[in-house]
Amino acid sequence: MCGIVGYIGDKKATPILIQGLTRLEYRGYDSAGIAVIENNKIEVKKDKGRVSNLTLLDGIDNLEATIGIAHTRWATHGKPSKENSHPHMDMEGLFAIVHNGIIENYNELKNDLTQKGYKFISQTDTEVIVNLINYYYNQDKNEDELKFLRAVKNACMDLKGSFALEIISNKEPEKMIVVRKDSPLVIGKGNGESYIASDIPAILSYTRDFYFLNDYEFAYLSRNNIKFYDTNLNEIKKETKAIEWDSKGAEKDGYEHFMLKEINEQPKAIRETIGTRLNNSKVSFDELSFTREYLEEINKMYIVACGTAMHAGLVSKNIFEKLCKIPVEVDIASEFRYRDPLINNKTLVIYISQSGETADTIAALKLAKAKGAKTIAITNVIGSSITREADYSIYTHAGPEIAVASTKAYTSQVTMLALIALYFAEILERADTNKINTIKEDILKLPNKAEEVLKDTSEIQEVAKRIYKERDMFFLGRGVDYAVSLEGSLKLKEISYIHSEGYASGELKHGPIALIDIGVTVIATITNKDLVEKSISNIQEVISRGAKIIVVTNQNIENKGFDTIIRIPEISTEISPVLSIIPLQLLSYYISKEKGLDVDKPRNLAKSVTVE
Ligand code: M6R
């Protein structure tokens, strides 16, 4: 939450900063600001509202500076207002800072500084950091070239919580310092220039070479040089990593919204995720090197994640249990980390995170590792924080996902988890080989079948027009279709603001059916041929209470009083969610559009939740 951008080089900084912020706006959009150094003086322009407001601020176009920092905010401490917007300056105006994260001990630090005579104008934790830097700077009587860096380092050592920081100073007008702890930040290396951002896509059009900082590593940037330091201020060497993502991935490329583009990119994303792992022989995972002895010893698996990623985990429980005969529990990361889960060195925990930066997921990973479990991270973002913590990291290759509502990341995660289940199953030899081979063949068919689902969306658009004014909806399913109903319901809630619930079809009559009344829309997914009859009889129960039914199915089901039936191609049930979620994603998208809402940036939400 919150996006930060920085530039140092010989180009005009302001347009680069604003373009970067625009690309990061999905991380927060209640205020925005920039600070540059012009004629050895810090100039700050900031206000409440979206990044586009920045361009209207007086004098912003006249800034010629070639060094600057910028921020788009998702409020944590202090309401959205000009005072609380970043960048913040210290009381004397020597430093400007932008911050993504949360400082947990800011009250304590603020009281301390107040007693020392410091004054604050905002309610933010960030203003405390910049004044702490001022304090250490003024305390330091040495006048060497590391004085600025020492002040930043000393301040950081006092902070508890998470932070990605960029700091500039009119005492060192040709320098910038960046540092991170538990919040994302990447440095792009250009030719005699550097770009900094919260994530790769924001600056991918300028460079493909990136530095990734570990916690408490400090980058001291000048125009054509970057030096890296550890917490003892010893210089350390870091190498760049080349990123292969297409910079077009971060553009709308003719689509009205990123979400629609990303929905349509699913066939490609699934194809890339499968890559060369499936060929005529066994499924291959060079990253994993697990032996049969190790896998046989596993007594329990957890799959831990948040939101949509957790729903991908719920889908996959079924395939792991069926093919590997290992008990699997799926848990929400924020619950898992505080419930003292039963973990030992025979436990395997898989963490899923599109961004690789979700605070709860990373904390849950650290916990399991500390208790001796092996950990695998599945993420979409190369070099993300989670990959630095996990024993093994596996990348989905969905390409940048910009819309807040996750779509192609989900289908790639479900595909990747199925591949891992098959990889384990082939080593363990506990499942029927024919079953394994059928699923392998079907995985290879997924990209083309996803294309089929996307070919004609007119029926879904019609349905959206009919139901977009509704206040409540229900999503039903059994088995993996239940997991899909939870994800369909989440998509609808987050971008259309319509209240909805996902239920296991058989559970409905244990309470929620009381909410079904004449005209209420119920969306049922049916992809398991063994459960068709039971699912249909649950649907009849709601039809007889007046509900309007939309069925998404790959089975040969007759229309028995349904409002609409959306047919999708048949595929093995275990991986059917990769296809059955697509109509539900599209339905949410078109409903949100009908309602005239901001599809890509729904209210109160940010793309990656880097705070607890
Ligand atoms: O980056 P992550 O996969 O860890 O994010 C987890 C959730 O915050 C995310 O899936 C969220 O639920 C999406 N907005 C759902 O569309």
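Residues numbered from 1 in each chain as written. Predicted model: local features only at pLDDT ≥ 70, side-chain atom pairs only at ≥ 80, totals over all residues. Heavy atoms only, no water.

1. Here we look at the overall build of the chain
For the chain, the count of helices and strands is 18 helices and 25 strands. For 612 residues, the compact-globule formula gives about 25 Å, and the C-alpha radius of gyration of the chain, at 26 Å, lands near that figure. Reported as C-alpha extents along the three principal axes, the dimensions of the chain are approximately 80 × 55 × 45 Å. Burial status across the chain gives 62% buried among its 612 residues. Sequence-distant contacts, at least 24 apart, represent 72% of the contacts inside the chain between residues at least 6 apart. For the chain, the accessible surface area stands at approximately 23,400 Å², while carbon and sulfur atoms represent 45% of it. Within the chain, the 86 negative side-chain charges are centred at a point lying 1 Å from the centre of the 77 positive side-chain charges. (Helix = DSSP H or I, 4+ residues; strand = E, 2+ residues; numbered from the N terminus. Rg over C-alpha atoms; globule rule 2.2 N^0.38 Å. Buried < 20%, exposed > 50% of the residue type's maximum accessible area, 1.4 Å probe, protein only. Contact = heavy atoms within 4.5 Å. Areas by Shrake-Rupley, 256 points an atom, 1.4 Å probe, with all protein chains shown as cover. Lys, Arg positive; Asp, Glu negative; His and termini not counted. Charge placed at Lys NZ, Arg CZ, Asp CG, Glu CD.)

2. Looking at the sheet that holds strand β12 (residues 218-222)
Note on sheets: strands pair through backbone hydrogen bonds, and any given pair is parallel or antiparallel. With respect to topology, seven strands assemble into an open sheet ordered β5-β6-β7-β8-β12-β13-β14, the strand pairing being antiparallel. Bordering the open sheet on either side are β5 (88-89) and β14 (235-236), each of which pairs with just one other strand. Where strand β13 (residues 225-229) and β14 come together, two bridges link them in antiparallel fashion. Paired with Phe 228 across the bridge in β14 is Ile 236. Lying over the sheet, helix α4 (residues 126-139) contacts β5, β6 (95-103) and β7 (161-169), oriented at roughly 130 degrees with respect to β6. In this fold helix α5 (residues 147-158) packs onto β6, β7, β8 (172-181), β12 and β13, with an angle of close to 25 degrees to the strand it touches most, β8. (Pairing = 2+ DSSP bridges. Axes fitted to C-alpha atoms, helices over the stretch in contact; angles between N-to-C directions.)

3. A few points about the pairing of strand β17 (residues 328-332)
Alignment of strand β16 (residues 300-305) against β17, held across five bridges, turns out to be parallel. For Val 304, the partnering residue across the bridge sits in β17 and is Asp 331. On the question of chirality, the crossover connecting β16 to the parallel β17 by way of helix α9 (residues 307-324) is right-handed. (Right-handed = clockwise from strand over helix to strand, strands pointing away.)

4. Side note on the pattern of salt bridges
In total, this model carries 38 salt bridges according to the counting rule given. Measuring nitrogen to oxygen at the nearest pair gives 2.5 Å for the salt bridge that ties Glu 429 to Arg 292. Of the two residues, Glu 429 sits in the loop between α13 (408-428) and α14 (433-455) while Arg 292 sits in helix α8 (residues 292-297), which places them 137 residues apart along the sequence. A relative accessible area of 55% means that Glu 429 is categorised as exposed. Several salt bridges share partner residues, and in doing so they unite Lys 181, Asp 182, Lys 366 and Glu 389 into one network. (Salt bridge = Lys/Arg side-chain N within 4 Å of Asp/Glu carboxyl O.)

5. Examining the nonpolar core
In this structure, Leu 288, Phe 290, Phe 320, Phe 424 and Ile 443 are the most contacted members of the largest nonpolar core, which totals 123 residues. A total of 14 residues in this core trace back to one element, the largest contributor, which is α13. Excluding residues within four positions of it along the chain, Ile 443 makes contact with Ile 274, Leu 278, Thr 415, Ala 418, Leu 419, Leu 422 and Ile 575. Phe 95, Leu 113, Tyr 137 and Cys 156 belong to the second-largest nonpolar core, a separate cluster that totals 33 residues. (Core = buried A, V, L, I, M, F, W, Y, C linked by side-chain atoms within 4.5 Å.)

6. Topic: the site of the ligand
In the vicinity of the ligand there are 14 residues, among which Ser 353, Gln 354, Ser 355, Thr 358 and Glu 494 approach most closely. A distance of 2.7 Å separates an oxygen atom of the ligand from a polar atom in the backbone of Gln 354. In the complex, 91% of the free accessible area of the ligand, which totals 410 Å², lies under the protein chains. Residue assignment for the shell around the ligand shows that the elements contributing at least two residues are α9 and α16 (480-496). Tallied by class, the residues present in the shell around the ligand amount to five nonpolar, seven polar and two charged. (Near = heavy atom within 4 Å. Polar contact = N/O pair within 3.5 Å; in protein donor to acceptor, adjacent residues only side chain to side chain. Nonpolar A, V, L, I, M, F, W, Y, C, P; charged D, E, K, R; others polar.)

7. A word on the packing of aromatic side chains
Aromatic rings in a pair are described by how distant their centres are and how their planes are angled relative to each other. Inspection of every chain in the model, using the stated rule, returns 16 aromatic pairs. Ring centres of Phe 95 and Tyr 137 lie 5.3 Å apart, and the angle between their planes is 75 degrees; this geometry places the pair in the edge-to-face category. A residue pair is termed long-range when its members are at least 10 positions apart, and Phe 95 in strand β6 and Tyr 137 in helix α4 qualify at 42 residues. The exposure class assigned to Tyr 137 is buried, which follows from its relative accessible area of 8%. With a centroid separation of 5.0 Å and 55 degrees between ring planes, the pair formed by Phe 290 and Tyr 294 is classed as tilted. Among the residues examined, Phe 290 registers a relative accessible area of 7% and is labelled buried. The side chain of Lys 147 reaches across the aromatic face of Tyr 137, ending 4.5 Å from its centre. Sitting over the ring of Tyr 497, Arg 603 keeps its end group 3.8 Å from the ring centre. (Phe/Tyr/Trp six-rings, centres within 6.5 Å; stacked < 30°, edge-to-face > 60°. Lys NZ or Arg CZ within 6 Å of the ring centre and 35° of its normal.)

8. Observations concerning helix α11 (residues 359-370)
Taking 1.5 Å of rise per residue, 12 residues should cover 16 Å, and α11 covers 17 Å from first to last C-alpha, within 8% of that figure. The set of residues buried in α11 consists of Ala 359, Asp 360, Thr 361, Ile 362, Ala 363, Ala 364, Leu 365 and Ala 368. Buried residues along α11 sit in contact with β16, α10 (333-336), β18 (347-353), β19 (374-379) and α12 (385-389). Gly 372 sits one or two residues past α11 and shows a positive phi near 95 degrees. (Expected span 1.5 Å × (residues − 1).)

9. Section: the side chain of Arg 180
Mapped onto the elements of the fold, Arg 180 is located in strand β8. One polar contact links Arg 180 to Asp 215, side chain to side chain, over a distance of 3.4 Å. Dropping the residues within four chain positions of it, Arg 180 is found in contact with Phe 163, Ala 164, Leu 185, Leu 213, Asn 214, Asp 215, Tyr 216, Glu 217, Glu 357, Ser 385 and Arg 388.

10. What about the side chain of Lys 449?
Note that Lys 449 resides in helix α14. With residues up to four places along the chain from it excluded, the contact list for Lys 449 reads Pro 569, Glu 570, Ile 571 and Leu 579.

11. Section: the packing of α9 against α13
Two elements in contact, α9 and α13, have axes separated by 9 Å at closest approach and are oriented at 20 degrees. For the element pair α9 / α13, the angle class is roughly parallel. In the crossing of α9 with α13, the sense of the turn from one axis to the other is right-handed. Counted together, Thr 308, Ala 309, His 311, Ala 312, Gly 313, Val 315, Ser 316, Ile 319, Phe 320, Leu 323 and Cys 324 of α9 and Tyr 410, Gln 413, Val 414, Leu 417, Ala 418, Ile 420, Ala 421, Leu 422, Phe 424, Ala 425 and Leu 428 of α13 form the full contact between these two elements. Looking at the contact of α9 with α13 residue by residue, the class counts come to 17 nonpolar, five polar and no charged. (Parallel < 35°, antiparallel > 145°, perpendicular 65-115°, else oblique. Left-handed = near helix turned anticlockwise from the far one by under 90°.)

12. A closer look at the sheet that holds strand β4 (residues 67-73)
Strand order in the open sheet made by the eight strands is β3-β2-β4-β1-β10-β9-β11-β15, with antiparallel pairing throughout. The strands lining the two open edges of the sheet, one partner per strand, are β3 (41-48) and β15 (241-242). Pairing of strand β2 (residues 31-38) with β4 involves six bridges; the strand directions are antiparallel. The partner of Gly 33 across the bridge, within β4, is His 71. The sheet contacts of helix α1 (residues 13-24) involve β1 (3-8), β2, β4 and β10 (194-197), and relative to β1 the element is tilted by about 155 degrees.

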